[in-house]
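Fold and geometry: a report
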Amino acid sequence: MLFDPPMMKSMIMLLGPSLLALSLAGCAGEGPVKSVAEVAGIATTPQESKSFVQQTRPVDPAYIPINKTIAVNPLCAGPTPPPAYTPTGQAARFTAPVPDLKPTDPCKRRAEFKQIESQLEARRISNDAAGSQAVSLGKALPAPAPAAALPTN
């Protein structure tokens, strides 16, 4: 016999964890073990991102800025200005928020907002009418008969 049982046991105890560590190293990071594991089919290769994901994500994923403001077009000021900000309670300890907009920044016209609001209201009324019609049809029509299934045995 080439290896006696005590020798075999010690070899398994030494080689087992090292083989496990080597196989797990194929899953972590980039390197020679990872490339061998990819060729063997043990490790996975990342898929190419979709185009819209590539366009919206930063080039350097290691740097993600915090407190990044997203530009939005607020409503233009109406005929009556908004009331002054007067903090109360716990907010009174802080200063009033500073608007992010300059007077020259673009804004959404109130007429456009009213048009969109009226379109949404018309859609809501249409959906409510379709829902009430479905309820009335459900009460007026009899329940459907169960499907006729042939015995399979």
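Residues numbered from 1 in each chain as written. Predicted model: local features only at pLDDT ≥ 70, side-chain atom pairs only at ≥ 80, totals over all residues. Heavy atoms only, no water.

The next point concerns the overall build of the protein chain. Along the protein chain, the regular secondary structure elements total four helices and zero strands. Helices (α) and strands (β) of the protein chain occur, in sequence order from the N terminus, as α-α-α-α. Of all intrachain contacts in the protein chain linking residues separated by at least 6 positions in sequence, the fraction that spans at least 24 positions is 53%. Here the protein chain displays about 14500 Å² of accessible surface, and carbon together with sulfur accounts for 65% of that area. (Helix = DSSP H or I, 4+ residues; strand = E, 2+ residues; numbered from the N terminus. Contact = heavy atoms within 4.5 Å. Areas by Shrake-Rupley, 256 points an atom, 1.4 Å probe, with all protein chains shown as cover.)

The next subject is the confidence of the model for the protein chain. Mean pLDDT over the protein chain works out to 75, with 69% of the residues at or above the 70 mark. Least confident of the elements in the protein chain is helix α1 (residues 5-25), whose mean pLDDT is 72; most confident is helix α4 (residues 110-140), at 90. (pLDDT = per-residue confidence, 0-100.)

With the rule as written, the count across this model stands at three salt bridges. Between Glu121 and Arg124 there is a salt bridge, with the nearest N and O atoms lying 2.4 Å from each other. Pair noted here: Glu121 and Arg124 are both in helix α4, with a separation of three residues, about one helical turn. Among the salt bridges present, the one from Arg124 reaches Asp128, with a minimum N-O distance of 2.8 Å. Of this pair, Arg124 and Asp128 both sit in helix α4, four residues apart, roughly one helical turn. On the basis of relative accessible area, Arg124 is assigned to the partly exposed category, the value being 41%. Overall, the relative accessible area of 43% leaves Asp128 in the partly exposed class. Among the charged side chains, a salt-bridge network with shared partners connects Glu121, Arg124 and Asp128. (Salt bridge = Lys/Arg side-chain N within 4 Å of Asp/Glu carboxyl O. Buried < 20%, exposed > 50% of the residue type's maximum accessible area, 1.4 Å probe, protein only.)

Taken together, the side chains of Leu14, Leu15 and Leu19 make up a nonpolar region of the molecular surface, amounting to roughly 330 Å² of accessible area. Considering the arrangement of structural elements, one finds Leu15 in helix α1. (Patch = residues over 30% accessible without salt bridge, like charges linked within 9 Å, V, L, I, M, F, W, Y side chains within 5 Å.)

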